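Commentary on secondary and tertiary structure
One-letter residues, chain by chain:
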Amino acid sequence: EAQVTQNPRYLITVTGKKLTVTCSQNMNHEYMSWYRQDPGLGLRQIYYSMNVEVTDKGDVPEGYKVSRKEKRNFPLILESPSPNQTSLYFCASTILPSWTGTWTNSPLHFGNGTRLTVT
Amino acid sequence: QKEVEQNSGPLSVPEGAIASLNCTYSDRGSQSFFWYRQYSGKSPELIMFIYSNGDKEDGRFTAQLNKASQYVSLLIRDSQPSDSATYLCAGGGGADGLTFGKGTHLIIQP
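Calculation criteria
- Residues numbered from 1 in each chain as written.
- Chains lettered and ligands numbered in written order.
- Predicted model: local features only at pLDDT ≥ 70, side-chain atom pairs only at ≥ 80, totals over all residues.
- Heavy atoms only, no water.
- Helix = DSSP H or I, 4+ residues; strand = E, 2+ residues; numbered from the N terminus.
- Buried < 20%, exposed > 50% of the residue type's maximum accessible area, 1.4 Å probe, protein only.
- Salt bridge = Lys/Arg side-chain N within 4 Å of Asp/Glu carboxyl O.
- Disulfide = S-S within 2.5 Å.

1. Quick notes on unusual backbone geometry
Cis geometry is adopted by the peptide bond preceding P8 of chain A, which originates at N7 of chain A and carries an omega value of 0°. With respect to the element layout, P8 of chain A can be found in the loop between β1 (4-7) and β2 (10-13). Look at the link from G9 of chain B to P10 of chain B: it is a cis peptide, with omega at 10°. Checked against the element boundaries, P10 of chain B lands in the loop between β1 (4-6) and β2 (11-14). Phi angles above zero are rare outside glycine, and N28 of chain A is one such case at about 60°.

This is the structure:
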């Protein structure tokens, strides 16, 4: 079954304790992305990756790191979590946007989400 | 700054009626538009996508795109209680991916 798998689904941690949220996809997608979702603010992109070893900042990258050492995996790393990073996190993947004079983006496939609480 | 605007709602519609959801976008470079449905605490699931001006129909759903007015809409015919959810509009215009609106909360009243 084609899917994006995130782990863990729920995580409660304390300020400053490093954590990693894993994301893996089995669709051979080049493009992967992390979003956070907060009430009243919607989905905001944290980081994205166009391919292995290629990552770039989204709209809210502060306090986060990512890596893309393999095509299927795109972990999100919080080196020193703070309470303002309490949120619902989604990993997503898709094929690369295509250019034919204009850009065409393909639909994102989302993981099931990770609810993170930092106390 | 790319922006996608949606009315947050709630939008209340009687069962069996047509629900009309709207969104506007700021980036004229956006060429691809997506509607996602999201139940509380769950991940967004794709309803429809549209790339060309005009209408696109899929079952009970119709997406409409007007690039001149920078306007996207989603119509849901014969609304069912199971359609009650938050609907996210997203636009994409290149390598930095999709920009999402904050979503419209739709309630279908039995």
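2. Topic: the environment of K57 of chain A
Residues and elements named next belong to chain A. By the element assignment, K57 lies in strand β6 (residues 54-57). Judged by relative accessible area, which is 54%, K57 ranks as exposed. For K57 and Q45, which are twelve residues apart along the polypeptide, the C-alpha to C-alpha distance reads 8.3 Å.

3. Quick look at the pattern of salt bridges
Opposite charge on two side chains lets them pair, provided their charged atoms get close. Residue and element names in this part refer to chain B. Following the criterion strictly, the structure yields nine salt bridges over all chains and no others. D96 is paired through a salt bridge with K2; the nearest N and O atoms lie 3.0 Å apart. With D96 in the loop between β9 (85-92) and β10 (98-100) and K2 in the segment before β1, the pair connects residues that are 94 residues apart, well separated along the chain. Judged by relative accessible area, K2 falls into the partly exposed class, the value being 28%.

4. A few points about the state of the cysteines
In this structure the tally under the stated criterion is two disulfides over all chains. The side chain of C23 of chain A participates in a disulfide bridge whose partner is C91 of chain A; the two sulfur atoms lie 1.8 Å from each other. One disulfide, between C23 of chain A and C91 of chain A, carries an S-S torsion of -70° and so falls in the left-handed class. You can see C23 of chain A sitting in strand β3 (residues 19-25) and its partner C91 of chain A sitting in strand β9 (residues 87-94), a full 68 residues away along the chain. There is a disulfide in this structure between C23 of chain B and C89 of chain B, and the S-S distance comes to 2.0 Å. Here C23 of chain B, found in strand β3 (residues 19-25), pairs with C89 of chain B, found in strand β9; they are 66 residues apart in sequence, far enough to count as distant. Considered together, C23 of chain B and C89 of chain B belong to a single accessibility category, that of buried residues.

These figures come from the coordinates and say nothing about function on their own.
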